[in-house]
Number of protein chains: 2
Amino acid sequence: MKEANCPVVIERVEPEIDRGRYPIKRVVGEWVVVEADVFTGGHDELACVLRYRAIDDLNWQETPMRPTVNDRWRGEFRVDRLGRYLYTVEGWLDRFHTWARDLVRRLEAGQDVTVDLQIGTQLVTAAAERAEGQDARALREAARSLTTKRGERTALSSGLAQLMARHPGRCFATRYERELEVIVDRPLARFSAWYEMFPRSAAQAPGRHGTFNDVEARLDYVADMGFNVLYLPPIHPIGRSFRKGPNNVIKSTPEDPGSPWAIGGAEGGHKELHPELGTLDDFRALVGAARRRGLEIALDLAFQVSPDHPYVTEHPSWFRARPDGTIQYAENPPKKYQDIYPFDFESEDWRLLWQELESVVQFWIDQGVRTFRVDNPHTKPFAFWEWLIGEIRGRNPDVIFLSEAFTRPKVMYRLAKLGFNQSYTYFAWRNEGWELRQYLTELTKSPVREYFRPNLWPNTPDILTDALQAGGRTASALRFVLAATLGASYGIYGPAFELAEVTPLTPGREEYLNSEKYQIRHWDLERPGSLRPLIAKVNRIRREHPALQQDWTLRFLRTDNERLLAFAKSSPLPPAPQEEGRGGGEVDVIVVVVNLDPTWAQSGWVEVPVVARAGHPPYGVEDLLNDTRHTWRTDGWNYVALDPAATPAHIMRVPRPLVPETPVG
Amino acid sequence: MKEANCPVVIERVEPEIDRGRYPIKRVVGEWVVVEADVFTGGHDELACVLRYRAIDDLNWQETPMRPTVNDRWRGEFRVDRLGRYLYTVEGWLDRFHTWARDLVRRLEAGQDVTVDLQIGTQLVTAAAERAEGQDARALREAARSLTTKRGERTALSSGLAQLMARHPGRCFATRYERELEVIVDRPLARFSAWYEMFPRSAAQAPGRHGTFNDVEARLDYVADMGFNVLYLPPIHPIGRSFRKGPNNVIKSTPEDPGSPWAIGGAEGGHKELHPELGTLDDFRALVGAARRRGLEIALDLAFQVSPDHPYVTEHPSWFRARPDGTIQYAENPPKKYQDIYPFDFESEDWRLLWQELESVVQFWIDQGVRTFRVDNPHTKPFAFWEWLIGEIRGRNPDVIFLSEAFTRPKVMYRLAKLGFNQSYTYFAWRNEGWELRQYLTELTKSPVREYFRPNLWPNTPDILTDALQAGGRTASALRFVLAATLGASYGIYGPAFELAEVTPLTPGREEYLNSEKYQIRHWDLERPGSLRPLIAKVNRIRREHPALQQDWTLRFLRTDNERLLAFAKSSPLPPAPQEEGRGGGEVDVIVVVVNLDPTWAQSGWVEVPVVARAGHPPYGVEDLLNDTRHTWRTDGWNYVALDPAATPAHIMRVPRPLVPETPVG
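Structural notes, computed from the coordinates. Since the structure is predicted, the reported quantities are computational estimates derived from the model, not experimental observations. (Residues numbered from 1 in each chain as written. Chains lettered and ligands numbered in written order. Predicted model: local features only at pLDDT ≥ 70, side-chain atom pairs only at ≥ 80, totals over all residues. Heavy atoms only, no water.)

**Let's talk about helix 11 (residues 409–418) of chain A**
Working step 1: Burial runs high along helix 11 of chain A: nine of the 10 residues are buried.
Working step 2: Just downstream of helix 11 of chain A lies A:Gly419, where phi reads positive at about 140 degrees. (Buried < 20%, exposed > 50% of the residue type's maximum accessible area, 1.4 Å probe, protein only. Helix = DSSP H or I, 4+ residues; strand = E, 2+ residues; numbered from the N terminus.)

Following this line, the structure appears as structure tokens:
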């Protein structure tokens with residue numbers, strides 16, 4: 001029978017990444033909205049359910065799916081627990097629904113329905129056999145009633161329809177051929193503000209090597225600006241062989257501290273601390289002190305070694321030999337990094353290497369770390385990351401990995417599919433309105449958003465963009481507002497960023513002059529012109545407005561001046577009318593207008609398509625960034641003017657829902 | 001090792017239908033252009049090949065793929081034989097290419113490359129071991145040369161690059177996880193003009209039942225109009241029980257011939273001929289006479305029976321019983337078709353039913369038929385069609401099935417995926433410019449085109465559209481030109497169509513008055529106003545212009561008058577610069593402008609984006625339909641005027657290639 005008939009087709013289930021090979025991602029409390037093409041030949045009515053379960057709960061839950069248009073069905077479920085969920089779709093021929101629909105047509109045409117009521121009796125009797133107790137009795141009674149004088153009334157009663165819906169025959173039920181997976185993360189994976197700093201530059205007095213205690217003294221500074229992740233570059237012993245001097249020169253003196261990414265020396269490797277930073281107890285104290293301020297410490301996973309790392313002598317097979325017998329150092333020809341050896345992941349001894357690297361991650365998890373920034377993951381095998389992240393998160397589903405891959409787009413997306421919970425982006429190099437719109441639309445409206453969570457950085461220790469070099473403090477301010485409002489997750493490398501340090505090593509190259517990568521810096525945090533108040537204010541607005549805590553509702557607004565970039569975000573995310581709003585189903589709508597010009601004042605008109613009330617009364621909006629109020633028109637365009645000398649942006653709370661957008665893609 | 005490293009990723013191979021579940025379609029001589037995302041982490045260069053073979057040839061062929069943009073690669077192969085082909089993609093790390101690229105960078109930076117040349121020696125020596133004969137000797141010589149004074153010159157020589165490309169290491173080669181399938185059909189599957197007629201109405205004298213001999217006498221009429229398929233509604237015995245009378249009335253007299261779709265009577269069923277049409281010899285003679293005129297006979301596969309069909313008594317299990325013991329007739333409530341019993345494909349006895357229906361198809365193939373129009377396939381199980389078409393075409397890969405499903409779009413597409421070689425469309429109901437552009441773009445530019453070959457019919461015996469009813473002869477003329485130029489395959493139901501018979505049974509319904517479905521008609525083929533000359537001329541233009549023999553290059557042109565629909569087709573199809581052109585790589589470009597208004601003259605401007613020569617000289621175009629010549633401007637818009645009283649359209653030969661279009665989707 002099954003071979004002859006399998007008439008319900010279930011296709012094009014979304015979301016689904018690469019035929020279900022990779023999971024989608026959500027955070028706890030979010031919804032998964034599932035759509036599918038479900039159809040059959042012929043004229044039968046269908047019914048369809050979304051099936052889902054947490055992976056450690058063997059009982060499937062079911063929720064009905066509803067037809068939308070053109071044989072597309074939609075349903076949704078909420079993920080409430082960390083870890084993994086599964087979902088799939090089931091549909092079947094709803095013979096009772098078909099029968100009742102046809103019966104109405106026959107009665108309307110005045111036809112004799114005696115035989116049809118007999119067919120109905122068969123359907124209802126079969127349902128009675130599937131049911132128990134009260135339902136079974138009610139169904140048997142209805143089956144009898146169908147062939148009496150009251151038959152037509154019984155047939156079309158809502159009571160019978162409800163009874164039959166509770167005991168469907170699932171005739172020729174088809175289950176979608178795959179079970180699809182969801183990774184459920186902590187909310188931090190979706191909404192985070194990162195601050196990167198070099199601990200060795202944290203000393204309060206110039207000339208001294210900073211310590212974990214100095215970093216602890218800096219925590220209030222960072223927390224008061226409103227960050228919730230404090231990310232430290234590698235904190236391990238640093239190699240001496242081929243150590244680089246200031247500004248990346250080949251020669252160094254014994255006083256030069258070297259690059260923290262040249263990990264490993266006589267003092268130990270990836271599980272040891274640089275002695276001048278402090279002890280493991282100091283580090284654990286820092287982690288605890290940070291946590292008490294709502295901050296978490298993120299560490300850097302840089303899987304490479306200096307020539308002095310203990311691995312080099314203990315596991316020579318983990319490195320590639322050159323024909324002259326030396327070990328292959330890192331290269332990107334013609335650039336050579338003699339102070340760094342990459343691992344040879346093609347080594348015969350790869351299993352031991354993988355296990356050792358996993359133990360490094362577990363070691364720092366055991367010290368209280370839950371967040372890692374991963375250095376250059378694209379230069380290690382894809383399979384390694386999928387394995388490592390799977391192993392670690394199987395035991396610690398609250399751990400978050402940020403992928404630092406600045407490489408080809410498909411490689412960056414691939415790493416995200418393999419398990420990274422957040423990813424660096426090209427944001428730093430997207431300055432014009434059209435390129436920001438194009439890139440952020442790709443990240444927030446295409447299927448990419450199901451697995452790739454962008455983290456927007458205006459700068460890093462390696463990236464001092466032309467835009468920042470040329471625009472100085474006002475450019476830093478506008479790039480900051482863009483990062484923190486376009487992105488629910490963003491980060492800055494400070495104090496260089498908030499102090500608007502923009503002098504390059506060589507004009508037109510992205511390297512900082514006197515980079516902290518190669519020397520200890522002392523920063524005057526109270527220097528005039530610091531962006532600290534702006535940063536604190538924007539981070540407070542982010543915390544208070546759920547609209548800014550996600551990226552999926554991002555939509556760009558039209559302006560008549562290309563130097564003005566305008567966009568809106570609103571909360572809650574569909575389909576949760578009251579789940580994430582601030583009570584009572586209220587919608588949080590934020591409109592941001594940024595002047596992309598760091599030099600000149602720009603003005604123009606912005607289209608804000610709010611739902612209009614009768615008579616189109618004007619309404620008041622509040623600029624949360626500049627503490628001003630404006631009256632805006634319900635019926636279309638509003639005037640804005642922004643002088644970079646005064647402020648980079650408006651961040652407006654708009655007390656009206658926006659008219660729905662036509663879907664992209 | 002393999003577990004540790006598998007660094008080449010191959011994804012998003014196109015064309016691929018539903019993860020390779022269904023084949024794409026081509027006709028003999030066409031190209032399959034394959035694209036794939038192929039990439040790796042790190043900095044290695046890649047190489048990539050497209051692998052393909054005819055299914056009965058165990059040797060895979062390989063052809064190189066070329067990178068285009070953003071890690072997308074492209075390659076192509078030509079299908080030369082009927083039946084099935086397979087294709088897939090393989091990529092690997094090209095270590096020699098990476099090495100040579102890096103060597104150039106090192107030399108440009110003035111670095112010492114002694115060790116690098118040693119590494120090169122290892123790579124070349126390994127290639128020598130893979131090679132044989134002369135190549136092996138040359139590679140060994142090159143390996144030696146690399147460590148001599150001439151090493152740098154040898155390393156960068158094109159001779160060594162070619163040798164190494166012939167013996168690649170295929171380091172960590174990845175084969176795409178699926179082999180994808182191509183169905184290769186006869187060219188008729190892509191380019192066909194169908195003429196449908198009722199044989200019983202073919203008698204030369206009124207009042208007589210037409211015969212196969214009468215149809216044979218009509219062949220010149222059909223062939224001279226330029227058709228290449230003559231499709232006959234069912235030619236089998238017709239049931240007497242519940243036989244319908246003229247205009248579908250319930251009661252009939254013994255003289256009424258009944259509907260040919262009520263198949264089966266005392267004289268036999270699907271393998272017998274209606275006695276009044278003639279004998280099997282007559283039928284075979286008709287098939288042969290048609291073939292001599294370049295026409296082939298297509299039969300109708302209507303898998304249903306009249307109550308008098310022998311199956312009803314011989315195989316009662318193939319039909320569904322109602323609770324009152326009667327057999328379930330066909331219904332679409334409240335409509336009842338008591339003269340027709342559907343098969344019960346859920347019957348316990350389904351295997352025998354399927355085999356019997358397959359034997360029906362094979363029977364007519366044995367009589368010389370190679371083309372079938374399938375009646376209402378969507379009311380039978382999907383699995384049945386996939387099985388039936390697979391079985392038949394496994395033995396007879398030249399057979400063509402046309403799906404007559406007018407139902408929901410996804411069901412129509414599904415049937416095409418399952419194997420139908422051509423499909424009816426919604427063309428009959430797409431009258432406005434915007435809806436024709438939208439629908440034909442979906443059919444010709446989206447992945448649908450890989451499996452769904454549209455066949456455009458302006459009318460059928462069941463479909464006399466409002467547009468034809470209201471517009472009469474001029475509407476028929478414009479709908480004909482649209483069908484025959486928008487569609488490489490199209491059909492008409494005649495002689496009703498060419499005689500512009502447009503009187504409905506009831507105004508606003510699509511049924512013909514005095515439909516041939518229920519009665520014999522006598523047609524005066526010489527009636528004034530016949531569209532026969534127009535049809536003959538357009539079919540001749542189609543035969544002479546390869547641009548009109550395919551749909552994939554269809555592109556709509558802008559006009560400033562929405563009542564003027566303009567579009568272009570050009571040949572050859574990419575990537576075949578000289579394969580399908582008319583010699584010397586010449587491009588065939590046809591521009592069609594149709595006046596969608598059957599009543600009023602319309603004029604306006606049409607944009608024809610030809611490749612301009614220096615100085616933008618005007619150029620001459622020839623209206624092949626109206627035998628006129630015009631001078632057009634190279635730099636943009638041209639004026640056209642069309643009076644429906646004179647002609648429905650321009651069909652222009654444009655002696656200039658068009659500027660490439662930006663891809664859709």
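Now that the structure has been shown, we can carry on.
**Considering the interface of chain A and chain B**
When the parts come together, some accessible area is lost, and that loss is often what is quoted as the size of the interface.
Working step 1: Contacts between the two partners involve 60 residues from chain A, matched on the other side by 60 residues from chain B.
Working step 2: Carbon and sulfur atoms make up 50% of the area that chain A and chain B hide from each other, which totals about 5,200 Å².
Working step 3: When the buried area of chain A at its contact with chain B is split by residue, A:Arg19, A:Glu346 and A:Lys410 rank highest and sum to 13% of it.
Working step 4: Connecting chain A to chain B are 14 salt bridges.
Working step 5: Residues B:Arg106 and A:Glu331 are paired through a salt bridge, measuring 2.3 Å at the closest nitrogen-oxygen approach.
Working step 6: Looking at the side of chain A that touches chain B, the elements that each hand over two or more residues are strand 1 (9–14), strand 3 (31–39), helix 1 (95–108), helix 2 (114–130), strand 15 (330–332), helix 9 (350–366), helix 10 (382–395) and helix 11 of chain A.
Working step 7: Per element, the largest residue contribution to the side of chain A that touches chain B is five residues, and it comes from helix 11 of chain A.
Working step 8: Split by residue class, the side of chain A that touches chain B holds 22 nonpolar, 13 polar and 25 charged. (Contact = heavy atoms within 4.5 Å. Buried area = accessible area lost by both parts, 1.4 Å probe. Salt bridge = Lys/Arg side-chain N within 4 Å of Asp/Glu carboxyl O. Nonpolar A, V, L, I, M, F, W, Y, C, P; charged D, E, K, R; others polar.)

**What about helix 6 (residues 212–224) of chain A?**
Residues and elements named next belong to chain A.
Working step 1: With 13 residues, helix 6 ought to run about 18 Å at 1.5 Å a step, and its terminal C-alpha atoms sit 19 Å apart, in line with that.
Working step 2: Among all positions in helix 6, only Phe212, Asp214, Val215, Arg218, Leu219, Tyr221, Val222 and Ala223 are buried.
Working step 3: Tucked inside the fold, the buried residues of helix 6 contact strand 11 (192–196), strand 12 (229–232), helix 7 (280–292) and helix 14 (532–544).
Working step 4: One or two positions beyond helix 6, positive phi appears at Gly226, with a value near 100 degrees. (Expected span 1.5 Å × (residues − 1).)

**Quick word on the pairing of strand 30 (residues 649–653) of chain A**
Residues and elements named next belong to chain A.
Working step 1: Across the five residues that make up strand 30, a large majority, four, are buried.
Working step 2: One ladder, built from five bridges, connects strand 25 (residues 588–595) with strand 30; its direction is antiparallel. Counterpart to Val593 in the pairing with strand 30 is His650.
Working step 3: Looking at chain direction, strand 27 (residues 619–623) and strand 30 are connected through two bridges and run antiparallel. Looking across to strand 30, one finds that Asp623 is bridged to Met652. (Pairing = 2+ DSSP bridges.)

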